[in-house]
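Coordinates in review
Take a look at the letters that make up each chain.
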Amino acid sequence: MFELNQAIEETLERWKAAGIAECTLASRRQYCRKLLEKAKALGKEYLDQELANAFMSGNKGSKEIASMHYRIAKHVDDVCNTRLLDLKGHYLNSLPLPTKEESLEYFRKLPFPVSEGTRLAYLIIKTMDELSKLRLTKSTLGQYMKSFKEFNEEADKKGITTLSYSFCDEYLQRNESDHVNKDLNDWVYKIRRRSVLCLLKVAEQGTFTWQQFKKLDDSLPKDLQKIEDSYLDELRTRNLQSSTISLYRYVIHSMLLQLDGNGQNLWDMKPKEVQGILKYFKTRCNATSMSTVAPIIKAVLVFLHHSKHTKEDLSRIVMTPLHSKRQAKGYILSEDNEKLAAKIASLNRRDKAILLMAMETGLRESDILGMKLGQVDWRKDTLTIVQQKTGHLLILPLLPDIGNSLASYILDERPIPAAGCEDYIFLRHQAPFHNLRTVYPLTRKLLESLHIQPVNTNKSGGLHLLRHSLVYRLLKKKVPDYTITKVLGHASKESDKPYLSLDERMLKECAMQIPSLALGYGGFLQ
């Protein structure tokens with residue numbers, strides 16, 4: 001170990017070799033003398049934690065002095081290799097990490113999933129390498145690295161240098177607790193949590209693809225998770241769409257969470273537990289959603305009984321609520337539509353293209369956001385779409401303003417897509433640049449900023465609102481129903497019926513006359 005005098009001389013030599021200006025070197029030499037004076041006062045010949053704390057805290061309330069004392073302690077600690085802590089409890093110098101090449105070599109012959117004996121530092125660099133493949137921004141990767149260094153430091157303080165699942169769980173639980181107690185802001189909490197979960201996923205698979213991670217309180221015990229997985233496996237054999245399976249997963253996961261939270265034994269489940277589940281969903285779903293969720297609850301209960309997880313078949317007590325789907329469609333008035341069009345002209349190229357397409361073609365959100373480069377025929381000026389809802393082919397003209405906005409976005413603004421998303425036109429603004437999934441928040445904020453209140457609905461967003469508004473404008477211009485059916489891409493004229501309520505002229509023709517009503521004293525109400 002270096003004596004303090006030797007360590008300071010070595011530190012000054014390193015600064016001098018780095019080409020630091022003489023005046024700066026003289027200033028730092030003065031601060032080094034103060035460190036020696038503090039050591040003499042404490043009777044210290046070597047740098048230790050007590051001396052470092054005393055020196056760093058002796059800043060006389062000056063931020064400049066505090067900064068210089070920290071810097072001197074950090075560099076001397078690096079020379080002495082003492083691994084001392086700063087006043088916040090972090091290492092003055094980060095633990096050394098291997099290079100990317102060293103990490104690749106380390107994992108070259110290791111099979112995945114890796115065991116708990118895997119060196120943590122190498123796994124961190126392996127995870128960072130996987131994250132870098134997602135084309136995250138430099139600043140985001142820097143945040144991940146900072147979080148990994150903090151995680152590695154916490155492990156080192158406990159003498160842990162290899163992968164430990166129990167330590168990872170402990171770290172995640174402490175992170176969760178600190179966030180609940182307001183000791184961590186949202187961003188620090190999220191990046192720390194996500195960093196560790198990414199590391200665990202790489203340890204399991206050796207690779208990482210972008211995904212959302214469930215919250216800690218959203219996890220099921222292993223026995224219930226096994227039941228959920230077996231149900232989802234059965235659904236996959238029916239060739240259902242992934243969005244449908246995701247909905248079923250949400251329902252069974254929520255049901256099992258409710259039962260587990262109430263300490264209910266699945267085998268002995270009674271009707272009152274089913275009623276509790278229905279009440280739970282009723283607080284989270286509107287009438288339309290409940291008419292979709294209730295049959296799924298019924299199907300899950302059938303599965304639980306047939307797979308011998310429940311003693312009774314409780315599906316019979318679940319009744320699908322009746323809900324009319326023929327309510328009047330929401331739309332935007334013509335004057336509000338003009339305000340919206342003026343605002344759209346000032347948006348970024350991507351959002352402008354999406355909203356123009358919705359306003360002028362009436363396409364559904366799923367068809368716009370699912371659109372691929374090959375569906376645009378620039379020579380013939382057409383859009384060719386197989387509608388996701390109906391599976392029917394729809395060919396629309398590529399209107400000039402839509403075509404110009406699309407071309408401008410693709411050529412000048414569209415980022416390099418993430419793997420697997422190369423064909424999609426509309427991508428996220430932030431890395432990883434996957435295909436865009438929804439623009440509901442965009443439309444909601446836009447309408448709110450313009451103080452536009454849609455007619456017939458409390459909903460304040462979504463591309464369907466623009467689809468309905470197009471129908472409203474076409475009806476006002478007396479465009480034939482047949483043409484509107486073709487524009488909307490409906491498979492049947494029956495699908496047009498809910499839209500007819502937007503035509504005030506036709507509704508007035510349907511109004512019934514009120515007959516004369518006799519009033520008291522021989523009067524009549526005409």
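Here we summarise the structure given alongside this text. (Residues numbered from 1 in each chain as written. Predicted model: local features only at pLDDT ≥ 70, side-chain atom pairs only at ≥ 80, totals over all residues. Heavy atoms only, no water.)

**Topic: the overall build of the protein**
Inclusion rule: The numbering of helices and of strands both runs from the N terminus, where a helix is a DSSP run of H or I of at least 4 residues and a strand a run of E of at least 2. Burial here depends on accessible area, computed with a 1.4 Å probe over protein chains only, as a share of the maximum for the residue type. Under 20% is buried, over 50% is exposed, and the range in between is partly exposed. Contact between two residues is taken to exist if any of their heavy atoms lie within 4.5 Å; hydrogens are not considered. Per-residue and other accessible areas follow the Shrake-Rupley method at a 1.4 Å probe size, with only the shown protein chains counted as cover for residues.
Tallying secondary structure elements over the protein gives 22 helices and five strands in all. Scored against the burial criterion, the 526 residues of the protein give a buried share of 41%. Expressed as a percentage of contacts within the protein between residues at least 6 apart in sequence, the contacts between residues at least 24 apart total 58%. A total of about 30,300 Å² of accessible surface is found on the protein, and carbon and sulfur atoms cover 52% of it.

**Notes on the sheet that holds strand 3 (residues 393-397)**
Stated formally: Strand pairing follows a simple DSSP-based rule, namely that at least 2 bridges must link the two strands.
Taken in spatial order, the three strands line up as 1-2-3 in an open sheet, and their pairing is antiparallel. Both outer strands of the open sheet, strand 1 (376-377) and strand 3, are each paired with one neighbouring strand and no more. The pairing of strand 1 with strand 2 (residues 382-386) spans two bridges and is antiparallel. Bridge pairing in strand 2 places D377 opposite T382.

**A few points about a nonpolar patch on the surface**
Put simply, the rule reads: The patches reported here contain residues having more than 30% relative accessible area and no salt bridge. Joining distances are 9 Å for like charges and 5 Å for nonpolar side chains (Val, Leu, Ile, Met, Phe, Trp, Tyr). Each salt bridge in this description consists of a side-chain nitrogen of Lys or Arg and a carboxyl oxygen of Asp or Glu lying within 4 Å of one another.
Taken together, the side chains of V386, L393 and I395 make up a nonpolar region of the molecular surface, amounting to roughly 310 Å² of accessible area. For V386, the location among the structural elements is in strand 2.

**Digging into the packing of aromatic side chains**
What counts here: To pair, rings of Phe, Tyr and Trp, with the six-membered ring standing in for Trp, must have centres within 6.5 Å; the planes then decide the type, stacked if under 30 degrees apart, edge-to-face if over 60, and tilted in the middle.
Within the structure shown, the criterion is met by 12 aromatic pairs. Ring centres 6.1 Å apart and planes at 40 degrees place the aromatic pair F167 and Y171 in the tilted group. Of this pair, F167 and Y171 both sit in helix 8 (residues 165-180), four residues apart, which is roughly one turn of that helix. Ring plane angle 50 degrees and centroid distance 4.7 Å describe the contact between Y231 and F303, whose orientation is recorded as tilted. Pair noted here: Y231 is in helix 10 (residues 222-236) and F303 is in helix 13 (residues 287-306), with a separation of 72 residues, a long-range link. What links up through ring pairs into an aromatic cluster is the set Y106, F107, F112 and Y122.

**Some remarks on the side chain of S147**
For S147, the location among the structural elements is in helix 7 (residues 138-157). Apart from residues no more than four positions distant in its own chain, S147 is found in contact with Y171, I191, R192 and S195.

**Some points on the pattern of salt bridges**
Taken as a whole and judged by the stated rule, the model has 25 salt bridges. In this structure, E153 and K157 form a salt bridge, with 3.4 Å as the shortest nitrogen-oxygen distance. Taken together, the residues span about one helical turn, with E153 and K157 both in helix 7 at a distance of four residues. Look at E153 and you get buried, because its relative accessible area is 8%. Look at K157 and you get partly exposed, because its relative accessible area is 36%.

**Considering helix 20 (residues 481-488)**
Each α-helix winds once per 3.6 residues, and so residues spaced three or four apart point in a common direction. Operational definition: Starting at the helix axis, one direction is taken to each C-beta atom, and the arc is that of these directions.
Within helix 20, the full set of buried residues consists of I484, T485 and L488. Taken around the axis of helix 20, the buried residues stretch over an arc of 105 degrees, which confines them to a single face. With respect to the buried face of helix 20, the exposed residues turned more than 90 degrees away are Y482 and K486. Of the residues trailing helix 20, G489 is marked for its positive phi of about 75 degrees.

**Thoughts on the nonpolar core**
To be explicit about the condition: We call a set of buried residues a nonpolar core when its members are Ala, Val, Leu, Ile, Met, Phe, Trp, Tyr or Cys and they connect through side-chain atoms within 4.5 Å of each other.
Within the largest apolar cluster, 38 residues are counted, with the highest numbers of intra-cluster contacts made by L340, M357, I368, L406 and F426. When contributions to this core are tallied by element, the ones reaching two or more residues are helix 14 (334-344), helix 15 (349-361), helix 16 (365-369), strand 2, strand 3, helix 17 (400-412), helix 18 (440-449) and helix 19 (463-476). In terms of residue count, the dominant contributor to this core is helix 15 (seven residues). Among all residues touching M357, those that are not within four sequence positions of it are G362, L363, I368, M371, L383, I402, L406 and F426. The next biggest cluster of nonpolar side chains, apart from the first, holds 33 residues, and it includes F151, L163, L172 and L200.

**Things to note about unusual backbone geometry**
Put simply, F112 and P113 share a cis peptide bond, and its omega is 5 degrees. Structurally, P113 is set in the loop between helix 5 (100-107) and helix 6 (120-132). A cis amide bond links A431 to the next residue, P432, at an omega of -5 degrees. Looking at the secondary structure, you find P432 in the loop between helix 17 and helix 18. Positive phi outside glycine occurs at R135, with the angle close to 60 degrees.

**Re the pairing of strand 3**
Burial along strand 3 is one-sided: the face carrying L394 and L396 is buried and the face carrying L393, I395 and P397 is not. Pairing analysis gives five bridges linking strand 2 to strand 3, with the strands arranged antiparallel. If you follow V386 over to strand 3, its bridge partner there is L393. In sequence, strand 2 turns back onto strand 3 through a hairpin of six residues, with G391 there showing a positive phi of about 80 degrees.

Purely geometric numbers; function is a separate question.
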